Amino acid sequence: MPLETAVASAAPAVSRTEVRERAARNRRLGVYGARAAVLAGFLGLWEVCSRTGVVDPFNFSQPSRIWAQIWQWVTHGTAQGSLGEQIGYTLYEALTGWVLGVVGGVLLGIALGRVRFLADVFGPYIKVLNAIPRIVLAPIFLIWFGLGPASKVASAVVLVFFPVFFNAFQGAREVDRNLVANARILGASNRKVTLQVVIPAATTWIFTSLHVSFGFALIGAIVGEYIGATKGLGLMVAAAQGTFNAAGVYAAMTILAVVALFTEGLLTFAEKRLFRWKPADAGDGR
């Protein structure tokens, strides 16, 4: 009799779990379907307006021309070389600048967040540097480092560093003081407190900045290539603009958006793997 009671009580629980999973799956499918419908509706309206003359197809182009341009680049390459080479060149610059900016921002942010003396000394200088419009530094980097990837990496670094730094700094400052005190009571040194308490507690803050900062790294690389380069998606945008090829400009922007979405997906996947202990956000539509 107790066995029958346990089975009977477990059945509704399993049923409720299946219902919740089915509801979550249906919601995800609904979200993906709505996203696809919005994109299809936008592209369709754009195509119709271009073909009927509501918008000027010379200036605004149209989705069919953009797709034809992308396909031409895929099959025949670009004036600067193969499309894959241009994407790889831009990704190399963006990823290198992103890694350097993240490492520098995290190390300096944690250090200044942990040591108030350093924060008091370097804080004003960081605020001054942060106030400088960093895009205008791209021409200076071009003069310093030339047309190669170094100038684009430098542009990406300065764009990535500050959001990562401020998040890491705030994360180090927001650590629960009770955790730090308990670690010290247990005999932990400053180094162990930083490595085993502060950095894990600040990881959520740091990961929040990583999503935004990689977009900044791409912007830095593209702007640097647009100003002066020998390869890359930014150079393709500049070349298309120089020949009044609106379809080429939009095609390069579309490729850049796909690359950004792909890398964002990788970051989201890594974050979910690292933070599997966190409860899922009910309002998260991803």
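Use the structure listed above.
Residues numbered from 1 in each chain as written. Predicted model: local features only at pLDDT ≥ 70, side-chain atom pairs only at ≥ 80, totals over all residues. Heavy atoms only, no water.

## Side note on the overall build of the chain
Thought 1: A tally of helices and strands in the chain yields 11 helices and zero strands.
Thought 2: The order of α-helices and β-strands along the chain, N terminus first, is α-α-α-α-α-α-α-α-α-α-α.
Thought 3: Across the 286 residues that make up the chain, the buried fraction comes to 34%.
Thought 4: Summing over all exposed atoms, the chain offers an accessible surface of approximately 17,000 Å²; the carbon and sulfur share of this is 69%. (Helix = DSSP H or I, 4+ residues; strand = E, 2+ residues; numbered from the N terminus. Buried < 20%, exposed > 50% of the residue type's maximum accessible area, 1.4 Å probe, protein only. Areas by Shrake-Rupley, 256 points an atom, 1.4 Å probe, with all protein chains shown as cover.)

## Quick look at the pattern of salt bridges
Thought 1: A complete count under the given rule lists two salt bridges for this structure.
Thought 2: Among the salt bridges present, the one from lysine 231 reaches glutamate 85, with a minimum N-O distance of 2.5 Å. Remark: glutamate 85 occurs in helix α4 (residues 83–114) and lysine 231 occurs in the loop between α9 (190–227) and α10 (233–242); sequence separation between them is 146 residues.
Thought 3: Residue classification places glutamate 85 among the partly exposed positions, given a relative accessible area of 31%. (Salt bridge = Lys/Arg side-chain N within 4 Å of Asp/Glu carboxyl O.)

## Quick look at a nonpolar patch on the surface
Thought 1: A grouping of Val115, Phe117, Val121, Phe122 and Tyr125 is seen on the molecular surface, where their side chains present a nonpolar patch of about 520 Å² in accessible area.
Thought 2: Within the element layout of this structure, valine 121 appears in helix α5 (residues 116–131). (Patch = residues over 30% accessible without salt bridge, like charges linked within 9 Å, V, L, I, M, F, W, Y side chains within 5 Å.)

## Concerning the layout of surface pockets
Thought 1: Estimated volume of the second largest pocket: approximately 310 Å³.
Thought 2: Every residue along the wall of the second largest pocket is listed here: Leu39, Leu43, Trp46, Pro63, Ile66, Trp67, Ile70, Tyr250, Thr254, Ile255 and Val258.
Thought 3: Residues that form the lining of the second largest pocket fall into these classes: 10 nonpolar, one polar and no charged. (1 Å grid on protein atoms, 1.4 Å probe; cavity = no way out; pocket = protein on both sides within 12 Å on 5 of 7 lines; lining within 4 Å. Points joined across faces, edges and corners; volume = space filled by probe spheres on them. Nonpolar A, V, L, I, M, F, W, Y, C, P; charged D, E, K, R; others polar.)

## Brief notes about the environment of glutamine 69
Thought 1: Among the structural elements, glutamine 69 can be located in helix α3 (residues 63–76).
Thought 2: Each C-alpha atom of the pair glutamine 69 and alanine 247 lies 6.6 Å from the other, and the pair is 178 residues apart in sequence.
Thought 3: Within the local environment of glutamine 69, its side chain forms a polar contact with the side chain of asparagine 245, the two groups lying 3.0 Å apart. (Polar contact = N/O pair within 3.5 Å; in protein donor to acceptor, adjacent residues only side chain to side chain.)

## Focus: the side chain of serine 50
Thought 1: Take serine 50: it is sitting in helix α1 (residues 2–52).
Thought 2: Overall, the relative accessible area of 4% leaves serine 50 in the buried class.
Thought 3: Apart from residues lying up to four places away in sequence, serine 50 is in contact with Val55, Pro57, Ser61 and Gln62. (Contact = heavy atoms within 4.5 Å.)

## Here's the deal with the nonpolar core
Thought 1: Grouped together as the largest cluster of nonpolar side chains are 19 residues, with contacts concentrated most on Trp98, Val102, Val106, Val160, Ile206, Leu210 and Ala217.
Thought 2: Only α4, α7 (149–173) and α9 provide two or more residues apiece to this core.
Thought 3: Examining the composition of this core, we find that eight residues originate from one element, α9, more than from any other.
Thought 4: If we skip the residues at most four places from it in the chain, leucine 210 touches Trp98, Val102 and Leu267.
Thought 5: Residues Ile66, Ile70, Ala251 and Ile255 belong to the second largest nonpolar core, which totals 16 residues. (Core = buried A, V, L, I, M, F, W, Y, C linked by side-chain atoms within 4.5 Å.)

## Description of empty space enclosed by the protein
Thought 1: For the structure shown, the criterion picks out one cavity of 30 Å³ or more.
Thought 2: Reported here for the largest cavity is a volume of approximately 40 Å³.
Thought 3: In this structure, the largest cavity is lined by Arg134, Ile135, Leu137, Ala138, Phe141, Ser155, Val158, Leu159, Gly220 and Val223.
Thought 4: Broken down by secondary-structure element, the contributors of at least two residues to the lining of the largest cavity are α6 (137–145), α7 and α9.

## Considering the packing of α5 against α7
Thought 1: Following both chains from N to C, one finds α5 and α7 inclined at 150°, their axes separated by 12 Å at the closest point. Relative to α7, the element α5 is oriented roughly antiparallel. The chirality of how α5 crosses α7 is left-handed. Within the contact between the two elements, α5 uses Arg116, Ala119, Ile126, Leu129 and Asn130 and α7 uses Phe162, Phe165, Phe166, Phe169 and Arg173.
Thought 2: Its residues assigned to classes, the contact of α5 with α7 comprises seven nonpolar, one polar and two charged. (Axes fitted to C-alpha atoms, helices over the stretch in contact; angles between N-to-C directions. Parallel < 35°, antiparallel > 145°, perpendicular 65-115°, else oblique. Left-handed = near helix turned anticlockwise from the far one by under 90°.)

## Considering α3
Thought 1: In a regular helix each residue adds 1.5 Å, so 14 residues correspond to 20 Å; α3 covers 20 Å between its end C-alpha atoms and thus fits that length.
Thought 2: Where α3 is concerned, the buried positions are Pro63, Ile66, Gln69, Ile70 and Trp73. Looking straight down α3, one finds its buried side chains confined to an arc of 125°; they lie on one side. Those residues of α3 that are exposed and angled more than 90 degrees off the buried face are Trp67 and His76.
Thought 3: Count one or two residues on from α3 and you reach glycine 77, which has phi positive near 80°. (Expected span 1.5 Å × (residues − 1). Arc of directions from axis to C-beta.)

## What about a positive patch on the surface?
Thought 1: On the surface, a cluster of positive charge is contributed by Arg22, Arg25, Arg28 and Lys272.
Thought 2: The element that contributes the greatest number of residues to the positive patch is α1, accounting for three residues.
Thought 3: Overall, the relative accessible area of 41% leaves arginine 25 in the partly exposed class. (Lys, Arg positive; Asp, Glu negative; His and termini not counted. Charge placed at Lys NZ, Arg CZ, Asp CG, Glu CD.)

Nothing here speaks to function; it is geometry throughout.
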